Amino acid sequence: MGIYDFYRRESRIAEQTEADSAAAETVVSSSLSHSELREEMAARKSAVVPAIAETEILEIVKSTPEYGVADPVAALKLIREDLGDCTRCKLYKGRTKIVFGVGDPRAELMFVGEGPGADEDAQGEPFVGRAGQLLNNMIKAMGLRREDVYIANIVKCRPPGNRQPERDECETCSPFLMRQIATVKPKAMVALGATAAKNLLAINAPMSELRGRWYDFKPAGSDPSWSGARLAVTYHPAFLLRDPRQKGEAWKDLQMVMKYLGIVPPPKTAQ
Ligand code: SF4
């Protein structure tokens, strides 16, 4: 299970330049409890912050402590301080550590997962377990280092038993993620798995429909001088651990991102 697993199937993905932001409203519940088993599940109603007026959004943004702070390092610190020892949703009850996010505050590329697992909960850092190792390998295969990107999750506390975060939990926590995204201002984002994708995009669709295209993404009220990120969707590394046959498909997704960012992958070396 090395980084070069991601070089094996290199067929092209047709880029779609038009953002596909049509939100389906189909509601289909899933009985599966683990993210790695949910990748190809039927659509469920995604947890999104309800639409509110632009002026109201601007007032909310202006009231955040990081508003007007140009230095992203300082701004992220202010967001973390604002989060505090958070008890805003019920996930606080089972957590050991809040998993805020990690990486370059000026990263061009940002990965967003679903939520912390046991290893992340213990260490307070996203993607540090086996799935995290695979994500690191994916990042290396792209010719980048983990410290070159920014990594965060939809929810910052571990859901009990690694269950899927519930709608109210996502709605409560994701505004902090939006503030992190608006601070980092990445050029490209990768949603890792269906839950992250559906929460970020408010689209109810299976992974087969979510992947292989670009979406325009910009948190409401963010810096007008930032044109926003292009967002791609790929499989969650935990799913890839369960079904390594899909690594080639994930590599196609990452190649699409690399092409957009102008990243040339390192040459393959003998293993
Ligand atoms: S998941 Fe987010 S909103 Fe809920 S307690 Fe943790 S930090 Fe707070």
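Right, let's walk through the structure included here. (Residues numbered from 1 in each chain as written. Predicted model: local features only at pLDDT ≥ 70, side-chain atom pairs only at ≥ 80, totals over all residues. Heavy atoms only, no water.)

1. Side note on the overall build of the chain
So, step 1. A count of helices and strands for the chain gives nine helices and six strands.
So, step 2. With 271 residues in all, the chain has 52% of them scored as buried.
So, step 3. In the chain, the share of contacts with a sequence separation of at least 24, taken over all contacts with a separation of at least 6, comes to 76%.
So, step 4. With the model as given, the accessible surface of the chain reaches about 12,300 Å², and the carbon-plus-sulfur share is 51%. (Helix = DSSP H or I, 4+ residues; strand = E, 2+ residues; numbered from the N terminus. Buried < 20%, exposed > 50% of the residue type's maximum accessible area, 1.4 Å probe, protein only. Contact = heavy atoms within 4.5 Å. Areas by Shrake-Rupley, 256 points an atom, 1.4 Å probe, with all protein chains shown as cover.)

2. A short note on the site of the ligand
So, step 1. Taken together, Leu83, Cys86, Arg88, Cys89, Leu91, Tyr92, Arg95, Lys156, Cys157, Thr172 and Cys173 make up the full set of residues adjacent to the ligand.
So, step 2. When its residues are assigned to classes, the shell around the ligand shows seven nonpolar, one polar and three charged. (Near = heavy atom within 4 Å. Nonpolar A, V, L, I, M, F, W, Y, C, P; charged D, E, K, R; others polar.)

3. Details of the pattern of salt bridges
So, step 1. Overall, the coordinates contain 19 salt bridges when judged by the stated rule.
So, step 2. Between Arg163 and Glu169 there is a salt bridge, and its shortest N-O distance comes to 2.7 Å. Here Arg163 matches Glu169 in class, with each residue buried.
So, step 3. Arg211 serves as the salt-bridge partner of Asp253, at 2.7 Å between the closest nitrogen and oxygen. Here Asp253, found in helix H9 (residues 247-261), pairs with Arg211, found in the loop between helix H7 (207-210) and strand E5 (215-217); they are 42 residues apart in sequence, far enough to count as distant. The two residues Asp253 and Arg211 agree in class, both being buried. (Salt bridge = Lys/Arg side-chain N within 4 Å of Asp/Glu carboxyl O.)

4. Remarks on helix H2 (residues 72-83)
Count 3.6 residues to each turn of an α-helix, and residues three or four apart come out pointing the same way.
So, step 1. The end-to-end C-alpha distance of H2, which contains twelve residues, comes to 16 Å, matching closely the 16 Å that a straight helix rising 1.5 Å per residue would cover.
So, step 2. In this structure, the buried residues of H2 make contact with strand E3 (150-153) and helix H5 (167-184).
So, step 3. Looking one or two residues beyond H2, the residue adopting positive phi is Gly84, at roughly 60 degrees. (Expected span 1.5 Å × (residues − 1).)

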